[in-house]
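What the coordinates show
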Amino acid sequence: MAGGGGGGISPLGPAPPMWYHRDLSRAAAEELLARAGRDGSFLVRDSESVNGAYALCVLFQKHVHTYRILPDDEGFLAVQTSQGVQPKRFKTLPELVSLYLQPSQGLVTTLLYAVDREETAISDDRDYSDGEDEKPPLPPRSASTSTPPGPDTPTESAPAANGLSTISHEYLKGSYALDLEAVKQGACALPHLNKTLVSSCKRLNGEVDKVLSGLEILSKVFDQQSAFMVSKMIQQSVNQGGDQELENLVTKLAILKDLLSSIEKKALKALQDMSLSSPCSPPPLSMRHSKAIPVQAFEVKLDVYLTELTKIGKSQKYTLSVDVEGGRLVVMKKVKDSQEDWTTFTHDKIRQLIKSQRVQNKLGIVFEKEKDKSQRKDFIFASAKKREAFCQLLQLMKNKHSNQDEPDMISIFIGTWNMGSVPSPKSVASWVLCRGLGKTLDEMTVTIPHDLYVFGSQENSVCDREWVESLRAMLKEQTELDYKPIAVQTLWNIKIAVLVKPEHENRISHVGMSSVKTGIANTLGNKGAVGVSFMFNGTSFGFVNCHLTSGNEKIARRNQNYLDILRLLSLGDKQLSSFDISLRFTHLFWLGDLNYRLDMDIQEILNYINRKEFDPLLKVDQLNLEREKNKVFLRFAEEEISFPPTYRYERGSRDTYVWQKQKATGMRTNVPSWCDRILWKSYPETHIVCNSYGCTDDIVTSDHSPVFATFEVGVTSQFVSKKGLPKSSEQAYIEFESIEAIVKTASRTKFFIEFYSTCLEEFKKSYENDSQSSDNVNFLRVGWSNKQLTTLKPLLSEIEYLQDQHLLLTVKSLDGYESYGECVLALKSMIGSTAQQFHTYLSHRGEETGNIRGSMRVRVPSERMGTRERLYEWISVDKDDTGGPKGKSTLVTRVGHEYVKPSVVRKQLGELGKLSEEGERTSKEETAARPKQDAPDGDPSISKNSYNNPAYYILEGVPNQSAAALSPELLPSPTSANPQGALEMVAEATFPKPRPLYPDLAEVRIPAASPAAPLALGEGFRRGGGPGPGPGSGALDDQSCSVLQMAKTLSESEFPGQPPRAPSAPPPLRGQPMGIGLDACRTFPPRNPITESIAEDMPEEALWGSSSSSLSVGESSVGEWLQRLGLERYEQGLLHNGWDDLEFLSDITEEDLEEAGVLDPAHKRILLESLRQQQQQQQQPPQK
């Protein structure tokens, strides 16, 4: 080992000694010392709490003791001592260590055995682009030959596709906005409407009915009073027939004459009124040319109760027309070719949208029928995508016509693309319009501009200015808006650009930018990350674009790249330096070429891709496997991948993967992989929904395909109290009753907690913990009672403000002031007069280091209790059946359940769900129907008081409950959920005698540590059944999963104030704490993928709301009916054509069957005969 260096200018001496481990983390240092296993083993690392300081770590009696080495004003180094003790000063670290190699120098033991750092070979750091030459790419040029994107005309859907007849479609789709603009400029004529009328009347002979139908729609939009009379006259003329056919035509022409002579005047008056009602001041230049959103129509079917069928006859087909600009929803019932029974609802009369959780294309709409009375109607859309498009348009309409000054919700586009060091093509419109493969947006909403656009690129040789201008030009072409760049950050050829709608420019503040190099020896910028952060009003955002190490085998290097970026990227509030960037922002998005590959034979991969079977590939995706082991992206979420691997394509085509390349070092294999990814992490109890995640299929200049994702994100305003600063009697308080943490550490020092929040004037500290215990050298349980915890006073006391706030906690040691774990808590669920319990995980430097729980409350004075409903709370989810959700498991997209938005479950929809199709409720009753969800009484499987913070849900829309109560297929397989080497409690099948919910620490048999294996297995634990999914899963470096398993086991002791569970209640599943299921979401992808079929997920209750409403014998869905007949092959075709429920099938004809793909005459006869028999059975009176 190094001796005293003496006299060197550097504090490390002439050369860094081997026992100096640079920026090694505290947890890693403890692990190295535990491996050494001998008293007196030591190492020195950089301090995590003070820049320029060091930490001397010494092992003694299996515990790690840490001493801070601080520089003074003259640059001398000294070990921090107790107050009053004169420190010994040294010029270099080797000199200091030399002294403590001698006995009796004041340390817990003499320094005896140096633990040297592990040097990595320089050759391992060589990391060049997979598809390029052996030398790293040069930094970007100052100019580029790239041309800005050219026009890309979106494909227009046929007019008939959206359900409006020709005349209304042509006008409302395109020319309506032009006439409105002309009227605003003072015009007294409507040339576009006039042109539409003339064109339509040329086809009058054969299309009288269609013309009348279209004029009726326009009449409803512009003159609602006379529209009813028009509808009645048309209906009377339609009912006439036979000998009166000629008179019928004359009547229709008379009606048409009246409509044609009056419609333009009525339209002009309506547009003039609309123009006058808008603000008098001219709109800003940036908004004058924004593209108007055309009226969109959706073909739906009314979902009714069986008892209502006797009154209304067969099931009804409706058209829902959404006029975003006018703030109206027109509901029209269709009967053959004419329209009738229409109703127009203004935006303020639409009270709530209720999505069915089980039936993905079903939506309930609550209308305000009369004053203080509401009515709910349930509609079945053509597809889940159509339902989402409808909801998006209605949200947009609500937002556009809201009386709120600031938005509650914004839409964000995020794109990542490895450009392959060549300029982009003239048009990349499909990228920004989310057109291509995977989860894409509906064509009705694809052109609606997003509020924020974030573009991440790698191997981008275009200069910054030209790249940004090309993006702005492309957005201008697609949206007619002049987007403003708020941040552009570059590291060599890695770039990130953020553009914002002009109307939001003043809402952006605190913009920050940073970059981290992770290339060769962490000094070259050919690999690394760039980041941007800012505040959007009161919500913080972070965006990281990275390019990680390439190569199939370099998984560990990629993991280290991620951890380096997480630690070194300097973004966000500087006061939050104790927290890594994954906890500094309300919403953090991480995108880029992550370069994780597929661990499978190339031919197998290609076979699965050809069959479009992605689930087997996702199970061997390196990123998924590393996330499952908690190695990277701890508690991040990623939307389900339903598009093919985006790398490595043959340039110029998307039909062929090029997976071999001859290099100077030999043949290199690059298997097709999902290298390009977008993940996110959000604070608990915030609103975020991923609406699309896919890749383009027509941009072929690079060997990577561009990837896109869009998000709907809740935001908060810069809150201004209407009542001013709170008086002492109106002050809100954040009070803690107790906190307990279990941390992964071999130290036995004392700890304190620091509290950070934007609602606090400054951060606050607790006193040191007053309880401490452990039965295992690698874990420590520390507790704080009420007297050790400070009461926090928020800056503002309004509940509307506090329910959007979060509290960041960090557990720090007294010896080195270093963090041993951090977490975030939402105040929303803690508001109330009684204390609420919380339980979440602790992490540090990207590693899970334990968990923390406690009891707290946020007291809000009654004078400050007023609140309002957020726009994103206007749409809720209705659990309209008793079973767990089927289809694709939400575990895939909700890996970090602490960060699942609770808005989908905070609303109690039971009362609204009981409204019949014509049922009425007062608005007060409707508002009162949204309390917090509690566990149902009498259900022993649900622990009522076990940490029922609504932030912690395992599945979106499934309440916080014991994992034992969940459907087995939604849980990780007990034999494969943990990698080999993970420690698991052996759960007993039954309790022979009553015992507490959580065993006492002494009851948990924890093996003693040995020098060779700090976390050896004991008889009280067993290995997971079989090896883990990845290579080396049983090695020491995979202990991160085991550590938290152990920490949770240790935390399962009786919590103060919590009653023990009844003996009859089932025990928690292995490794599964009651009530929260910290591990339930870790398995990725789900072990038992479930095929998605809307038809199979539609029981009688979901279709009709009544258990006695089935129209078939024994079947409750089209899928089951076809399966009974042995013709399930036709299910997809029937569902695709809209024949998605048994009642509607009664109207099907032979032609309809042929269009759905049933071409075999024998099969057609079988299907039609089966339907006929069902109708006959339906008509038979029930037997008593």
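Residues numbered from 1 in each chain as written. Predicted model: local features only at pLDDT ≥ 70, side-chain atom pairs only at ≥ 80, totals over all residues. Heavy atoms only, no water.

1. Brief notes about the nonpolar core
Just so we agree on the cut-off: We define the nonpolar core as a collection of buried residues of types Ala, Val, Leu, Ile, Met, Phe, Trp, Tyr and Cys that are connected through side-chain atoms lying within 4.5 Å of one another. Three labels apply to residues, based on accessible area from a 1.4 Å probe with only protein chains included: buried if under 20% of the type maximum, exposed if over 50%, partly exposed otherwise in between. Secondary structure elements follow DSSP: runs of H or I of four or more residues count as helices, runs of E of two or more count as strands, with numbering from the N terminus.
Counting 50 residues, the largest nonpolar core has Ile-412, Ile-414, Phe-534, Phe-541, Phe-543, Phe-589 and Phe-711 as its most contacted members. If one sorts the elements of this core by residue count, helix α14 (residues 602–610) sits on top with 5 residues. With 35 residues, the next largest nonpolar core counts Ala-732, Phe-755, Cys-823 and Val-860 among its residues.

2. Description of the sheet that holds strand β26 (residues 707–714)
Let me state the cut-off plainly: For two strands to count as paired, DSSP must find a minimum of two bridges between them. Axis definition: a line fitted to C-alpha atoms, limited for helices to the stretch in contact. Angles are taken between N-to-C directions and run from 0 to 180 degrees. Any two residues whose heavy atoms approach within 4.5 Å are treated as being in contact.
Strand order across the open sheet formed by 7 strands is β14-β25-β26-β13-β15-β17-β16, with mixed pairing between neighbours. On the outer flanks of this sheet lie β14 (437–439) and β16 (484–491), each paired with one strand and no other. On average, each strand axis in the sheet is inclined to that of its neighbour by 10 degrees, with strand direction left out of account. Bridge count for strand β13 (residues 409–418) against strand β15 (residues 452–458) is 7 bridges, and the pairing is parallel. What sits directly across from Asn-418, in β15, is Gln-458. Set on the sheet, helix α12 (residues 464–479) makes contact with β15, β16 and β17 (494–500); between it and β17 the angle comes to about 40 degrees.

3. Quick word on the packing of helix α23 (residues 1118–1125) against helix α27 (residues 1161–1179)
Put simply, the rule is: Left-handed describes a crossing in which the near helix is turned anticlockwise from the far one by less than a right angle; the clockwise case is right-handed. Note on residue categories: nonpolar means Ala, Val, Leu, Ile, Met, Phe, Trp, Tyr, Cys or Pro, charged means Asp, Glu, Lys or Arg, and polar means any other residue, Gly included.
α27 packs onto α23 with a crossing angle of 115 degrees between their chain directions and a minimal axis gap of 11 Å. Along this stretch, α23 crosses α27, giving a crossing that reads as right-handed. Contacts from Trp-1121, Leu-1122, Arg-1124 and Leu-1125 of α23 reach α27 at Ile-1166, Leu-1167, Ser-1170, Leu-1171 and Gln-1174. Partitioning the contact of α23 with α27 into residue classes produces 6 nonpolar, 2 polar and 1 charged.

4. Here we look at the packing of aromatic side chains
Operational definition: Side-chain rings of Phe, Tyr and Trp (the six-membered ring for Trp) are treated as a pair once their centres are within 6.5 Å; stacked means planes under 30 degrees apart, edge-to-face means over 60, and tilted covers the remaining angles. Geometrically, a lysine NZ or arginine CZ counts as sitting over a ring once it is within 6 Å of the ring centre and also within 35 degrees of the ring normal.
This structure, assessed with the given rule, holds 33 aromatic pairs. Between the aromatic rings of Tyr-562 and Phe-633, the centroid separation amounts to 4.3 Å while the plane-to-plane angle is 35 degrees, which identifies the pairing as tilted. With a gap of 71 residues between them, Tyr-562 in helix α13 (residues 555–568) and Phe-633 in the loop between α16 (622–628) and β22 (660–663) connect regions that are remote in the sequence. The burial state of Tyr-562 is the same as that of Phe-633; both residues are buried. Through a chain of ring-to-ring contacts, three or more aromatic side chains come together here, namely Phe-413, Trp-417, Trp-431, Tyr-453, Phe-455 and Tyr-483. The aromatic ring of Phe-76 is capped on one face by Arg-89, whose charged end is 4.4 Å from the ring centroid. One residue, Lys-765, lies across the ring of Phe-752, its end atom 4.8 Å from the ring centre.

5. What about the confidence of the model for the protein chain?
Rule in force here: Predictor confidence is given residue by residue as pLDDT, running from a minimum of 0 to a maximum of 100.
A residue-level look at the protein chain finds 66% of positions with pLDDT of 70 or above and a mean pLDDT of 75. Low confidence marks residues 1–8, where pLDDT is under 50. Its contacts with residues over four positions away, or in another chain, come to 19 contacts. The low-confidence segment residues 131–135 (pLDDT under 50) makes 13 contacts with residues lying over four places distant or belonging to another chain.

6. Some points on unusual backbone geometry
Arg-648 follows Tyr-647 through a cis peptide bond whose omega is 5 degrees. With respect to the secondary-structure elements, Arg-648 resides in the loop between α16 and β22. We note that Glu-459 has phi near 50 degrees; this positive angle belongs to a residue other than glycine. By the element assignment, Glu-459 lies in the loop between β15 and α12.

7. With respect to the side chain of Thr-110
Along the chain, the position of Thr-110 falls in the loop between α2 (93–100) and β5 (113–114). In this structure Thr-110 touches Gly-40, Tyr-100, Leu-101, Gln-102, Pro-103 and Ser-104, once residues within four positions along its chain are discounted.

8. Let's talk about the environment of Thr-66
Mapped onto the secondary structure, Thr-66 falls in strand β3 (residues 63–71). Measuring from C-alpha to C-alpha, the distance between Thr-66 and Thr-749 comes to 8.8 Å, with 683 residues separating the pair along the chain. Apart from the residues within four sequence positions on either side, Thr-66 is in contact with Arg-45, Ala-55, Leu-56, Cys-57, Asp-815 and Glu-818.

9. A closer look at the pattern of salt bridges
Cut-off, in case you're wondering: Take a side-chain nitrogen of Lys or Arg and a carboxyl oxygen of Asp or Glu: if they are within 4 Å of each other, that pair is a salt bridge.
Scanning the entire structure with this criterion turns up 45 salt bridges. Across the pair Glu-30 and Arg-26 runs a salt bridge whose closest N-O atoms are separated by 3.3 Å. One end of the pair, Glu-30, and the other, Arg-26, are both in helix α1 (residues 26–36), 4 residues apart, so they sit about a helical turn from each other. A salt bridge links Glu-31 to Arg-35, with the nearest nitrogen and oxygen atoms 3.0 Å apart. On the criterion of helical spacing, the pair formed by Glu-31 and Arg-35 is a turn pair, its members being 4 residues apart in helix α1. For Glu-31, a relative accessible area of 27% corresponds to the partly exposed category.

10. Comments concerning the pairing of strand β2 (residues 54–60)
The buried fraction of β2 amounts to 6 of the 7 residues, a majority that puts the element mostly inside the structure. Here 5 bridges tie strand β1 (residues 41–46) to β2, and the two strands are oriented antiparallel to one another. Among the inter-strand pairings, Asp-46 is bridged to a residue of β2, identified as Tyr-54. In this structure, β2 lies alongside β3, joined through 7 bridges in antiparallel fashion. Looking at β3, one finds that Phe-60 is bridged to His-63. Turn length for the β2-β3 hairpin, with the two strands adjacent in sequence and antiparallel, is 2 residues, and the turn residue Gln-61 shows positive phi of about 50 degrees.

11. Thoughts on the environment of Gln-1175
Assignment of secondary structure puts Gln-1175 in helix α27. Residue classification places Gln-1175 among the partly exposed residues on the basis of a relative accessible area of 33%. C-alpha of Gln-1175 to C-alpha of Glu-1143: the two residues are 32 residues apart in sequence and 9.6 Å apart in space.

12. Re the sheet that holds strand β24 (residues 676–682)
In spatial order, the strands read β18-β19-β20-β21-β24; together these 5 strands make up an open sheet with mixed pairing. Each end of this open sheet is capped by a strand with a single partner; those strands are β18 (508–517) and β24. Pairs of neighbouring strands in the sheet enclose a mean axial angle of 15 degrees, with direction left out of account. Summarising the sheet, strand β21 (residues 587–593) and β24 pair through 7 bridges and their orientation is antiparallel. If you follow Leu-591 over to β24, its bridge partner there is Ile-678.

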